[in-house]
Amino acid sequence: MAALGEAAGTDMRLASLSLDVTSQELGHRDVCCTLRVDKRARSIVFASIEARSGGRLVYSAQGLFSRAA
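From a predicted model like this one, the values you see are computed outputs, not experimental measurements.

Q: Requested: an account of the sheet that holds strand 2 (residues 32–40), with residues and values cited.
A: In space, the four strands of this open sheet follow the order 1-4-3-2, with antiparallel pairing throughout. Only two strands of the sheet have a single neighbouring strand rather than two, namely strand 1 (12–21) and strand 2. In this sheet, adjacent strand axes meet at a mean angle of 15 degrees when their direction is disregarded. Bridge analysis of strand 3 (residues 44–53) against strand 4 (residues 56–67) gives 10 bridges, and the strand direction is antiparallel. Considered in strand 4, the bridge of Val45 is made with Phe65.

Q: Just give me the short version of the pairing of strand 2, but keep the residues and values in it.
A: Here strand 2 runs beside strand 3; their pairing, made up of eight bridges, is antiparallel. Across the sheet, the residue bridging to Val37 is Ala47, located in strand 3. Between strand 2 and strand 3, which follow one another and run antiparallel, lie three residues.

Reading the values: rules and limits
- Residues numbered from 1 in each chain as written.
- Predicted model: local features only at pLDDT ≥ 70, side-chain atom pairs only at ≥ 80, totals over all residues.
- Heavy atoms only, no water.
- Pairing = 2+ DSSP bridges.
- Helix = DSSP H or I, 4+ residues; strand = E, 2+ residues; numbered from the N terminus.
- Axes fitted to C-alpha atoms, helices over the stretch in contact; angles between N-to-C directions.

Dropping the structure here:
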């Protein structure tokens, strides 16, 4: 959530979060995250993050941010 918030910007606040987690065993592999801003408008931002370990999905999250009042 912190990474999504940084991508959205300091003037935006989290309004909605969707999180999908897999049940795969991680072992001792590194986890790599990919973060992107899917859409940015004046009053909203959609951002998503995906974490993978050894090419396998660990979790994904999508956040909707709105301008802070």
